[in-house]
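Understanding the architecture of this molecule
Spelled out, the chains give:
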Amino acid sequence: MHRKRCVIILTAILLTAPVPLIAGQDATTSAGTQPPPSDSSSARKSKHSHADDLLIRGTVFDERGLALPGVKLRIRRSDQKKPRWETYTNSRGEFAVRVPKGPDYEIAAENKGYAKQSQAINGQSEESLILHMQPLSGGKK
């Protein structure tokens, strides 16, 4: 039992020890890994910065003005048919979704027993929405 522990500890020490550089090698090649080629597709892709994103947030209430948790929210660009972002309200009926700035958006809220609500959103400025869900007529929640 003690031998296994010693071997594991010794192995961990050996794996974390610094590797000396050989003359003519840089740090990336001494560890046995090659730097990625400069013309690879991953090098050409630009990373999306979230610094310029738009935050859409809000609260969903029921017909009595109480916060409504668990409401499904789907957000799509107004020029597209399929929603691209989806979230749910938390226990206080609140939600927040980060989307790229640009075109206008449409948010649709749906919950069992309530009529579907939708609202247009300006894609250039931060929005704080308040949605009031109305119960379906003639049905139970």
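An account of the accompanying structure is given in this report. Computed from a predicted model, the values in this text were never measured in an experiment.

Analysis parameters
Residues numbered from 1 in each chain as written. Predicted model: local features only at pLDDT ≥ 70, side-chain atom pairs only at ≥ 80, totals over all residues. Heavy atoms only, no water. Pairing = 2+ DSSP bridges. Helix = DSSP H or I, 4+ residues; strand = E, 2+ residues; numbered from the N terminus. Axes fitted to C-alpha atoms, helices over the stretch in contact; angles between N-to-C directions. Buried < 20%, exposed > 50% of the residue type's maximum accessible area, 1.4 Å probe, protein only. Core = buried A, V, L, I, M, F, W, Y, C linked by side-chain atoms within 4.5 Å. Contact = heavy atoms within 4.5 Å. Salt bridge = Lys/Arg side-chain N within 4 Å of Asp/Glu carboxyl O.

1. Some details on the sheet that holds strand β6 (residues 117-121)
Reading across from one edge, β3-β2-β5-β6 is the order of the 4 strands in this open sheet, with antiparallel pairing throughout. Unpaired on one side and paired on the other, β3 (85-88) and β6 mark the two borders of the sheet. For this sheet, the mean angle separating the axes of adjacent strands, direction not counted, is 20 degrees. Inspection of the sheet shows strand β2 (residues 72-77) paired to β3 by 4 bridges, in the antiparallel sense.

2. Regarding the pairing of strand β1 (residues 54-61)
Among the 8 residues of β1, 6 are classified as buried, and the element is accordingly described as predominantly covered. Judged from the 6 bridges that link them, β1 and strand β4 (residues 94-99) form a sheet pairing that is antiparallel. Among the inter-strand pairings, Thr59 is bridged to a residue of β4, identified as Glu94. As paired elements, β1 and strand β7 (residues 127-132) share 6 bridges and run parallel to each other. In the strand pairing of β7, Arg57 is matched with Ser128.

3. Some points on the nonpolar core
If you look at the biggest cluster of nonpolar residues, it comprises 19 residues, and the most contacted ones within it are Ile56 and Val60. Among the secondary structure elements, those contributing two or more residues to this core are β1, β2, β4, β5 (105-110) and β7. Apart from residues no more than four positions distant in its own chain, Ile56 is found in contact with Ile75, Phe95, Ala96, Val97, Val99, Ile121, Glu127 and Leu129.

4. As for the pattern of salt bridges
Scanning the model with the defined rule gives 6 salt bridges in all. Between Glu86 and Arg74 there is a salt bridge whose closest N-O contact spans 3.4 Å. In this pair, Glu86 sits in strand β3 while Arg74 sits in strand β2, placing the two residues 12 residues apart along the sequence. Accessibility expressed as a relative area gives 30% for Arg74, which makes it partly exposed. A salt bridge links Lys116 to Glu110; its shortest N-O distance comes to 4.0 Å. Taking the relative accessible area as the measure of exposure, Lys116 reaches 58% and is therefore exposed. Overall, Glu110 belongs to the partly exposed group, its relative accessible area being 28%. It is possible to trace a salt-bridge network through shared partners that takes in Lys72, Arg74 and Glu86.

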